[in-house]
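Descriptive structure summary
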4 protein chains.
Amino acid sequence: MTTDILKIADKTFKSRLFTGTGKFSSANNMREAIIASESELVTVALKRVDLENESDDMLVHLSDNQINLLPNTSGVRTAKEAVFAAELAREALQTNWVKLEIHPDPKYLLPDPIETLKAAEELVKLGFVVMPYIHADPVLCKRLEDVGVQCVMPLGAPIGSNKGIKTLEFLEIIIEQSNVPVIVDAGIGAPSHAAFAMELGADAVLINTAIAVSQNPVDMGIAFKMAVEAGRMAYNAKLAPIKNQAEASSPLTAFLNDLN
Amino acid sequence: MTTDILKIADKTFKSRLFTGTGKFSSANNMREAIIASESELVTVALKRVDLENESDDMLVHLSDNQINLLPNTSGVRTAKEAVFAAELAREALQTNWVKLEIHPDPKYLLPDPIETLKAAEELVKLGFVVMPYIHADPVLCKRLEDVGVQCVMPLGAPIGSNKGIKTLEFLEIIIEQSNVPVIVDAGIGAPSHAAFAMELGADAVLINTAIAVSQNPVDMGIAFKMAVEAGRMAYNAKLAPIKNQAEASSPLTAFLNDLN
Amino acid sequence: MTTDILKIADKTFKSRLFTGTGKFSSANNMREAIIASESELVTVALKRVDLENESDDMLVHLSDNQINLLPNTSGVRTAKEAVFAAELAREALQTNWVKLEIHPDPKYLLPDPIETLKAAEELVKLGFVVMPYIHADPVLCKRLEDVGVQCVMPLGAPIGSNKGIKTLEFLEIIIEQSNVPVIVDAGIGAPSHAAFAMELGADAVLINTAIAVSQNPVDMGIAFKMAVEAGRMAYNAKLAPIKNQAEASSPLTAFLNDLN
Amino acid sequence: MTTDILKIADKTFKSRLFTGTGKFSSANNMREAIIASESELVTVALKRVDLENESDDMLVHLSDNQINLLPNTSGVRTAKEAVFAAELAREALQTNWVKLEIHPDPKYLLPDPIETLKAAEELVKLGFVVMPYIHADPVLCKRLEDVGVQCVMPLGAPIGSNKGIKTLEFLEIIIEQSNVPVIVDAGIGAPSHAAFAMELGADAVLINTAIAVSQNPVDMGIAFKMAVEAGRMAYNAKLAPIKNQAEASSPLTAFLNDLN
């Protein structure tokens, strides 16, 4: 298993659990849960970064633990806004990685496929490592790959819903066809969901709400860490096939002869 | 978490993963996978025990690792046969624990509720610790509890099917109503299924086929171990609620003002 | 299709939709919905029958429409009570048909397998046509068949839940193995659920709550009638197989040549 | 129910079942099944139309039965090709209606969101009534609505898979947000699936494979017709709510007093 390393662009990851920083009840809870989860890539909304203050506590602390920060463009509604936000983030956080999120609808926060492809194309040209959050749309995934994104991040269910992997039939096609890592983002609400995504062959998962709003975010972070490892290990070891019938049991055994 | 110990009758268990010994490609694979899984209770078919030979290698080896053997009555079709088998097992393995399995149909190996209740009642009177394998039938679970079984073992799906938790609505009722530990037995085919059962509040799971027929039983044993721990930890930390709508995001943030 | 008639004991049914009389907002609503549904077998709780009053309006009206009344034993908790109730019903309603329901738990009203088998055996001996409401337990179904019941009535989901067919894996086995008609009872909450049960090969369905508590019971009765017919017709016409891949489309066609 | 009419652009439809003409074993089977289904809108691949021969039998026959033909652009891979195909179809079939299908991938035939939006915008400007086949992507649906399509046709599952409504969570959002009719297209494999889509509030469904490859396409056409009507009627009558617990039954009734 020592070689089962995830690579995105120029970075390698031992952990296949990516996390987020929103919705925690305190910054302290957030830090502790993320560290306990052993996540190595943590997304942070640009709007939550104190752009003026170089010593933003949250960021300093996470960086000290060798956790990579991944700015996201949450809050933008168009490709143009997304590119602008990505450039601000690059300057503020000294990283050319960006999680591209464009969701015009404030109720469900679902991603816009058209603006996302347009922004991805431009950001790639501008030298960004682009990680786009998208619907589980296999054709869109291929088009994003064609313009040079470094991974795709299809959703499992509406963001924040905690409903789990509701896009199974489409994730399977995406995983089958993709030449870049597939990271299931949004909708995962329980460790069992994360394990399931990994068993399907996803390369990683991103979890935020499910850890942040748990009654015990530290333990939930650990639980997700274990579930992701379990799912990945099971994927590599190959699951037993699903059957409609029990295997014929051995003929009735000798020990019953004494009785009958 | 140090106090989250499972107790059945007079025994305590740190691990909530119970395993079986059937269908492995070799005795060696079986031993290694079980030890890797850290399971502390392993069920063994009486028909697989060499009743004449006190030094049955399989059993000696597992016992040396402080793993409890749980003889099962697999192969019997009636209460009478089950009681006879349990008594043979008690003598052979020096244990009064028995996994009660009565399945008259050789195709699906589904349990007989009538004979199981009858045998359970008698075995309890004979001093056995009875662990009955049953359909996920909440009324039957209560009746078994009434006659003194030490736990109930409802199925998640037909045995050997690897289909997962297909009896969700009934397991929830069983878990809500039970005064004895609830152990999900049969049908669990992937670590995600095991994690899900634990998230529901099951006290333990029993896995056999899914580990035994994997291409890498040792890794699969470890994967199930982690998944069970993850699911239990998540159950204790409380899962985030399922929602139909994303939480209203914060109002559009200042950083976009520069753009518009 | 003219020969696709359901036969139970000595009666034949053109309609495969059985209904119930509980939970309607008025007796009039009940009558109209049942007549609109074209159901030919309607179950009625013995406790709702006015045993003293020979001209109970509800019953008279339904009988006038050539609808068969099927007394049920709802409210009893043991085999002994069930037999007593069945005998009262036989006398009151002049029918030896009985829907056998024994559910000791007042919260979920789930059936007791042990008492049900015991009562079924005795009622068959007493000359009743016994229609037992049970868990979707394939072994119990076979045992009931062995004692002479005229059909089995496994549940689709907890009664009154409207959750649909949650016992799919077990209904499939029951339908495969049964030599008596299989009628899915309890849990069906929408016409789509009823159609699905029929597509699986169930011989009939029994619907009560879903019609009774609808805002428009008459239309809902018609909707269920159509859905049951649709599901049965699809079962006979054979459904198309489930596939993981689209059929290869024809090679690109001539008309595009003008463009490229 | 007399006013429950579906309107798209300038046409009204009594039937909410739209059908297709592909994959039937013979033209005769196709005609008979479609007529039996009472479908009033039938999609036909442009590549199947004999553009040279004005008296194409298939089309003449369907037109004689007052069935509207809906040419589709199946086989095209880009917006440019789609527009060209739509114009050919307009000329050949004398209709400005077009089902817009752009699927570059020949294996799964999944639609391209980017090209579809681009083509939709242009076709609307050219005076077409545009009915786009798309992923169940709520944001894309709104964008298509914004450019003037007359309905949206999100998929239920991969086309030809017969898997049913696998995009439930997204269809619910689409139906909630849409100002144009929502027609579930692709993936529906059984009458129960069609009924379910209608119960959710879809305005219509389009079925092709499931009728065409059935062993009895005529009966399957009738089955779908009834299921669609049942689902629509249930939607209007309002389904009973899903519950986790049975309604408390009435206290034990008088008739048991005689026994106890």
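Treat the numbers as computed from the prediction; the structure is a model and nothing was measured.

1. Quick look at the overall build of chain A
Secondary structure assignment for chain A yields nine helices and ten strands. By the burial criterion, 63% of the 260 residues in chain A qualify as buried. A sequence separation of at least 24 residues applies to 65% of the contacts in chain A between residues at least 6 apart. Here chain A has roughly 9600 Å² of accessible surface; of this, 46% comes from carbon and sulfur atoms.

2. Quick notes on the relation of the copies chain C and chain D
Superposing chain C onto chain D requires a rotation of 180° together with a translation of 0.0 Å along the rotation axis, leaving an RMSD of 0.0 Å. As the rotation angle and translation indicate, the two copies are arranged about a two-fold axis. Within chain C, the C-alpha atom positioned nearest to the axis of rotation is that of C:Ser192, 2.3 Å from it. A share of 100% of the interface residues of chain C reappears at the interface of chain D, consistent with the copies meeting face to face through the same patch.

3. A word on the interface of chain B and chain C
Each side of the interface is counted separately: chain B has 29 residues, and chain C has 29 residues. Around 2500 Å² of area is buried between chain B and chain C when both sides are counted, 65% of it from carbon and sulfur atoms. Applying the counting criterion to the chain B and chain C interface returns six salt bridges. A salt bridge links B:Lys107 to C:Glu176; the nearest nitrogen and oxygen atoms lie 2.5 Å apart. Across the contact surface, chain B and chain C share twelve residue pairs in polar contact (both at pLDDT 80 or more). Within the residue set of the side of chain B that touches chain C, elements represented by two or more residues are helix 4 (113-125), helix 5 (138-147) and helix 6 (168-177) of chain B. Tallying contributions element by element places helix 6 of chain B first for the side of chain B that touches chain C, with five residues. Considered class by class, the residues forming the side of chain B that touches chain C number 16 nonpolar, three polar and ten charged.

4. Focus on the packing of helix 9 (residues 217-237) of chain C against helix 9 (residues 217-237) of chain D
Packed helix pairs are specified by the crossing angle of their axes together with the interaxial distance, meaning the distance between the axes. Put simply, helix 9 of chain C and helix 9 of chain D touch, their axes get as near as 8 Å, and they point 155° apart. For the element pair helix 9 of chain C / helix 9 of chain D, the angle class is roughly antiparallel. Every pair of crossing elements has a handedness; the one defined by helix 9 of chain C and helix 9 of chain D is left-handed. Here C:Asp219, C:Met220, C:Ile222, C:Ala223, C:Met226, C:Ala227, C:Glu229, C:Ala230, C:Met233, C:Ala234 and C:Ala237 of helix 9 of chain C lie close against helix 9 of chain D, whose contacting residues are D:Asp219, D:Met220, D:Ile222, D:Ala223, D:Met226, D:Ala227, D:Glu229, D:Ala230, D:Met233, D:Ala234 and D:Ala237. A breakdown of the residues in the contact of helix 9 of chain C with helix 9 of chain D according to their chemical character gives 18 nonpolar, no polar and four charged.

5. Comments concerning the UniProt feature "binding site: 1-deoxy-D-xylulose 5-phosphate" (unreviewed entry) in chain A
All names here are of chain A. Feature annotation in UniProt assigns "binding site: 1-deoxy-D-xylulose 5-phosphate" (unreviewed entry) to the following positions: Gly160, Ala186, Gly187, Asn208 and Thr209. The annotated residues occupy 50 residues of the chain but converge on a single region, no pair of C-alpha atoms lying more than 9.4 Å apart. With respect to the helices and strands, the residue alanine 186 is situated in the loop between strand 9 (183-185) and helix 7 (191-200). Within the element layout of this structure, glycine 187 appears in the loop between strand 9 and helix 7. If near-sequence neighbours (up to four positions away) are discounted, glycine 187 is found in contact with Ala157, Pro158, Ile159, Ser161, Asn162, Lys163, Gly164 and His193.

6. Overview of helix 5 (residues 138-147) of chain A
Extensive coverage of helix 5 of chain A is indicated by the burial of seven of its ten residues. Among the residues making up helix 5 of chain A, those that are buried are A:Pro138, A:Val139, A:Leu140, A:Cys141, A:Leu144, A:Glu145 and A:Val147. Its buried side turned inward, helix 5 of chain A meets helix 4 (113-125), strand 7 (129-134) and helix 6 (168-177) of chain A together with helix 4 (113-125) of chain D. One side-chain oxygen of the residue at the start of helix 5 of chain A lies 3.0 Å from the amide nitrogen of A:Val139, identifying that residue as A:Asp137. In the stretch just after helix 5 of chain A, A:Gly148 is the one whose phi turns positive, near 105°.

7. Describing the relation of the copies chain B and chain C
Note that the two copies of the chain are related through a rotation about an axis and a translation along the same axis. The transform that puts chain B on chain C rotates by 180° and translates by 0.0 Å along the axis, for an RMSD of 0.0 Å. With an isologous cut-off of 70% or more, the 100% of interface residues of chain B that recur at the interface of chain C puts this contact in the isologous class.

8. Considering the environment of D:Ala120
All names here are of chain D. Tracing the backbone shows alanine 120 in helix 4. Relative accessible area serves as the criterion here: at 0%, alanine 120 is assigned to the buried category. Placed 20 residues apart in sequence, alanine 120 and leucine 100 show a C-alpha to C-alpha distance of 7.5 Å. Apart from residues no more than four positions distant in its own chain, alanine 120 is found in contact with Leu100, Val130, Leu144, Val147 and Val149.

9. Remarks on the interface of chain C and chain D
Each partner contributes residues to the interface: chain C has 65 residues there, and chain D has 65 residues. Inspection of the chain C/chain D interface yields zero salt bridges. For the side of chain C that touches chain D, the secondary-structure elements that each account for two or more residues are helix 3 (79-93), helix 7 (191-200), helix 8 (209-212) and helix 9 of chain C. If one sorts the elements of the side of chain C that touches chain D by residue count, helix 9 of chain C sits on top with eleven residues. Classifying every residue of the side of chain C that touches chain D by side-chain character gives 34 nonpolar, 17 polar and 14 charged.

10. Details of unusual backbone geometry
Although it is not a glycine, D:Lys23 adopts a positive phi angle of roughly 70°. You can see D:Lys23 is positioned in the loop between strand 3 (17-20) and helix 1 (27-37).

11. A few points about the pairing of strand 3 of chain D
Residues and elements named next belong to chain D. Judged by which residues are buried, strand 3 turns out to be covered on both faces: Leu17 and Thr19 on one side and Phe18 and Gly20 on the other are all buried. Sheet analysis places strand 3 next to strand 10 (residues 204-207), joined by three bridges and oriented parallel. Paired with leucine 17 across the bridge in strand 10 is valine 205. The parallel pair strand 3 and strand 4 (residues 41-45), bridged by helix 1, forms a crossover whose chirality is right-handed.

12. Some remarks on the UniProt feature "active site" (unreviewed entry) in chain A
All names here are of chain A. UniProt annotation of "active site" (unreviewed entry) refers to Lys99 when read in the numbering used here. On the accessibility criterion, lysine 99 (3% relative accessible area) is buried. Ignoring any residue separated from it by four or fewer positions in sequence, one finds lysine 99 in contact with Thr43, Leu70, Pro71, Asn72, Thr73, Met131, Tyr133, Met153, Asp185 and Leu206.

13. Considerations on the nonpolar core
In terms of nonpolar packing, the biggest core is built from 283 residues, with A:Val205, B:Val205, C:Val205 and D:Val205 touching the most fellow members. Contacts of D:Val205, omitting those with residues within four sequence positions, involve D:Arg16, D:Leu17, D:Phe18, D:Ile183, D:Val184, D:Ile188, D:Ala194, D:Ala197, D:Met198 and D:Val228.

14. Digging into the packing of aromatic side chains
This structure, assessed with the given rule, holds eight aromatic pairs over all chains. Measuring from centroid to centroid gives 6.1 Å for B:Phe13 and B:Trp97, while their planes differ by 65°, and the two rings are edge-to-face. With B:Phe13 in strand 2 (residues 11-13) and B:Trp97 in strand 6 (residues 97-100), this residue pair connects regions lying 84 residues apart in the sequence. You'll find B:Phe13 and B:Trp97 in the same group, each marked buried. Chaining the aromatic ring pairs together yields one cluster made of A:Phe13, A:Phe18 and A:Trp97.

15. Section: the environment of D:Lys11
Within the secondary structure, D:Lys11 is located in strand 2 (residues 11-13). With 57 residues separating them in the primary sequence, D:Lys11 and D:Asn68 have C-alpha atoms 9.7 Å apart.

16. Quick word on the pattern of salt bridges
Pairing is possible between side chains of opposite charge, provided their charged atoms come close. In total, this model carries 48 salt bridges over all chains according to the counting rule given. Among the salt bridges present, the one from D:Arg143 reaches A:Asp112, with a minimum N-O distance of 2.9 Å. One end of the pair, D:Arg143, is in helix 5 (residues 138-147); the other, A:Asp112, is in the loop between strand 6 (97-100) and helix 4, on a second chain. Residues joined in a network through salt bridges with shared partners are A:Asp112, A:Glu115, A:Lys118 and D:Arg143.

17. Some remarks on the environment of B:Gly187
Given the relative accessible area of 5%, B:Gly187 is considered buried. Once the C-alpha coordinates of B:Gly187 and B:Lys166 are considered, the two residues, 21 residues apart in sequence, prove to be 8.3 Å apart.

18. Re the side chain of A:Lys225
Locating A:Lys225 in the fold gives a position in helix 9 (residues 217-237). Other than its neighbours up to four places away in sequence, A:Lys225 contacts A:Leu17, A:Ala36, A:Ser37 and A:Glu38.

Reading guide: rules and limits
- Residues numbered from 1 in each chain as written.
- Chains lettered and ligands numbered in written order.
- Predicted model: local features only at pLDDT ≥ 70, side-chain atom pairs only at ≥ 80, totals over all residues.
- Heavy atoms only, no water.
- Helix = DSSP H or I, 4+ residues; strand = E, 2+ residues; numbered from the N terminus.
- Buried < 20%, exposed > 50% of the residue type's maximum accessible area, 1.4 Å probe, protein only.
- Contact = heavy atoms within 4.5 Å.
- Areas by Shrake-Rupley, 256 points an atom, 1.4 Å probe, with all protein chains shown as cover.
- Least-squares fit on C-alpha atoms with pLDDT ≥ 70 in both.
- Buried area = accessible area lost by both parts, 1.4 Å probe.
- Salt bridge = Lys/Arg side-chain N within 4 Å of Asp/Glu carboxyl O.
- Polar contact = N/O pair within 3.5 Å; in protein donor to acceptor, adjacent residues only side chain to side chain.
- Nonpolar A, V, L, I, M, F, W, Y, C, P; charged D, E, K, R; others polar.
- Axes fitted to C-alpha atoms, helices over the stretch in contact; angles between N-to-C directions.
- Parallel < 35°, antiparallel > 145°, perpendicular 65-115°, else oblique.
- Left-handed = near helix turned anticlockwise from the far one by under 90°.
- UniProt positions renumbered as here; feature names shortened; annotations may be inferred.
- Pairing = 2+ DSSP bridges.
- Right-handed = clockwise from strand over helix to strand, strands pointing away.
- Core = buried A, V, L, I, M, F, W, Y, C linked by side-chain atoms within 4.5 Å.
- Phe/Tyr/Trp six-rings, centres within 6.5 Å; stacked < 30°, edge-to-face > 60°.

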